[in-house]
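Letter by letter, the chains look like this.
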Amino acid sequence: MKKSVRFLLRHVRTFSALLLVGIILCGWSCRQTNDTQNSTFPESIDDNFNFIVANDMGRNGYYDQKPIAEQMGETAGEIGIEFVAAAGDIHHFEGVASVDDPLWNTNYEYIYSHPELMLDWYPVLGNHEYRGNTQAVLDYSGVSRRWCMPARYYDKTFEVGDSSTLKVVFIDTAPLIDKYHKESEESYRDVAAQDMQAQLHWIDSVLNASHDTWKVVIGHHPVYAQTPKDEIERENLQERLDPLLRKYGVDMYIAGHIHNFQHIQMPDSPVDYVVNSSASLSRKVSPIEGTQYCSPEPGFSVVSVSDQELSLYMLDKTGHVLHTVTRTK
């Protein structure tokens, strides 16, 4: 009997060790794509034009939303930021009903209460906002001083460094995707009223007129990403949006939606495609063609811009820099 127990324990320990190795290798399969991990920002970041990107956060403070919100505030105080870009799904799961919906407090106001986050937030709509009243998301700009959403899609130009400008184009991606139109009657009613071609024409005209040093486009859905989500989402954006990003030399396209970090460079494209992780609940990820880095960690990103350099830093929930995407002039 004792011999049988010892035999069983020995094999349990062996199986546990193999399982642990498998888990480590699984995680490494994605993390190994990054060769330049840093734990801190460079000293020069204090002199740059900085902003935070956060998305997929509306969980009423649960999962990692509250600690990540606090870390966003700490990071903002450390480096100094100009604004927060909220790249969609500020509200899970059915959006908001009105500007008076209590979710504005439990998903946003009470969570992002750090003093360093009391500045302009520039949001875009996510698919979960489209499950509710999207007009209320725009109208909240009249309620909250820091919620700055003038339209469903809009652009901002900022002076950076001594002689450079940054153009940020905030777009509304759900109406550019067929599946949301097909499901508009039962799930995404506000999508049906949106003119896809009008937005694409607007994006074309804004990028065509831009002579800015740096160009960044921010939307909720990614153009390229590893994900089990419907392939039609990426196919539609590759067909409709990506040609404009390439044509006008956009430096970086930043999205969310997938709930993990991904940095993708396609062989035939000059654009850096970034998927920003969830600021609350994250998901697994693995490399695909073009993957430079990916990680299942939740967190947020910092974009830092100077005359010569545009960098995006992917941060985990403790503020550790996992990966840096850098472009130079």
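Refer to the structure printed above.
So, a few notes on the structure that sits alongside this text. (Residues numbered from 1 in each chain as written. Predicted model: local features only at pLDDT ≥ 70, side-chain atom pairs only at ≥ 80, totals over all residues. Heavy atoms only, no water.)

**A look at the packing of aromatic side chains**
Quick note on the threshold: Pairing of aromatic side chains requires ring centres within 6.5 Å, counting the rings of Phe and Tyr and the six-membered ring of Trp. Pairs whose planes differ by under 30 degrees are stacked, by over 60 edge-to-face, and all others tilted. Where helices and strands are cited, they refer to DSSP runs of H or I of at least four residues and of E of at least two residues respectively, numbered from the N terminus. Residue exposure (1.4 Å probe, protein chains only): buried if accessible area is under 20% of the type maximum, exposed if over 50%, otherwise partly exposed. Think of it as a cone above the ring: NZ of Lys or CZ of Arg counts as a charge over the ring if it is within 6 Å of the ring centre and within 35 degrees of the ring normal.
One pass over the full model with this rule turns up 19 aromatic pairs. An angle of 5° between the planes, with centres 3.6 Å apart, marks the rings of Trp104 and Tyr140 as stacked. Taken together, the residues span a long stretch of sequence, with Trp104 in helix H3 (residues 103-109) and Tyr140 in the loop between helix H4 (134-139) and strand S4 (154-160) at a distance of 36 residues. Both residues of the pair, Trp104 and Tyr140, count as buried. Their ring planes at 45° and their centres at 5.7 Å tell us that Tyr122 and Phe170 sit as a pair that is tilted. With Tyr122 in strand S3 (residues 121-123) and Phe170 in strand S5 (residues 164-170), this residue pair connects regions lying 48 residues apart in the sequence. Taken together, the ring pairs connect Phe49, Phe51, Phe83, Tyr122, Tyr154, Phe158 and Phe170 into an aromatic cluster. We note Arg146 situated over the ring of Tyr108; from NZ or CZ to the ring centre the distance is 4.5 Å. Over the face of the ring belonging to Trp214 we find Lys329, whose NZ or CZ atom lies 4.7 Å from the ring centre.

**Regarding the nonpolar core**
The test is simple: By nonpolar core we mean a set of buried residues, namely Ala, Val, Leu, Ile, Met, Phe, Trp, Tyr and Cys, connected to one another through side-chain atoms within 4.5 Å. Note on definitions: a residue-residue contact is assigned when non-hydrogen atoms from the two residues lie within 4.5 Å.
Met72, Tyr112, Leu166 and Tyr253 are the most contacted members of the largest nonpolar core, which has 95 residues in total. At 6 residues, helix H6 (residues 196-209) tops the list of elements feeding residues into this core. Apart from the residues within four sequence positions on either side, Tyr112 is in contact with Met57, Gln65, Ala69, Met72, Asn107, Leu117, Met118, Trp121, Arg146 and Ala279.

**Quick word on the sheet that holds strand S1 (residues 49-54)**
Stated formally: For two strands to count as paired, DSSP must find a minimum of two bridges between them. The convention used is that axes are lines fitted to C-alpha atoms, helices contributing only their stretch in contact, and that angles between N-to-C directions extend from 0 to 180 degrees.
The strand order across the open sheet built from 6 strands is S3-S2-S1-S11-S12-S13, with neighbouring strands paired in mixed fashion. Each edge of the sheet is formed by a strand with only one pairing partner; in this case those strands are S3 and strand S13 (321-328). Direction aside, the axes of adjacent strands within the sheet are offset by 20° on average. Two elements, strand S2 (residues 83-86) and S3, share 3 bridges in a ladder whose sense is parallel. In the strand pairing of S3, Ala86 is matched with Pro123.

**Notes on the pattern of salt bridges**
Short version of the rule: One side-chain nitrogen of Lys or Arg within 4 Å of one carboxyl oxygen of Asp or Glu is enough to make a salt bridge.
This structure, assessed with the given rule, holds 16 salt bridges. Close ionic contact of Lys66 with Glu70 constitutes a salt bridge, the shortest N to O distance being 3.6 Å. Of this pair, Lys66 and Glu70 are both found in helix H2 (residues 65-79), 4 residues apart, which corresponds to roughly one turn of the helix. On the basis of relative accessible area, Glu70 is assigned to the partly exposed category, the value being 32%. Note that Arg131 is salt-bridged to Glu94, the shortest N-O span being 3.3 Å. With Arg131 in the loop between S3 and H4 and Glu94 in the loop between S2 and H3, the pair connects residues that are 37 residues apart, well separated along the chain. We classify Glu94 as partly exposed; its relative accessible area is 47%. One network of salt bridges, with partners in common, ties together Lys179, Asp230, Glu231, Glu233 and Arg234.

**Quick notes on the sheet that holds strand S10 (residues 291-295)**
Pairing between sheet strands relies on hydrogen bonds along the backbone, with the strands arranged either parallel or antiparallel. With mixed pairing, the 7 strands of this open sheet are ordered in space as S4-S5-S6-S7-S9-S8-S10. The sheet terminates laterally at S4 and S10, the two strands that pair on one side only. Ignoring which end each strand starts from, the neighbouring axes of this sheet average 15° apart. In terms of strand pairing, strand S7 (residues 252-255) meets strand S9 (residues 272-275) through 4 bridges, oriented parallel. Bridge pairing in S9 places Ile254 opposite Val274.

**Re the pairing of S7**
Because side chains alternate across S7, one face comprises the buried residues Met252 and Ile254, and the other comprises Tyr253 and Ala255, equally buried. Examined bridge by bridge, strand S6 (residues 214-218) and S7 share 3 bridges and lie parallel to one another. The partner of Ile218 across the bridge, within S7, is Ile254.

Geometric descriptors of this kind do not, in isolation, establish any biological role.
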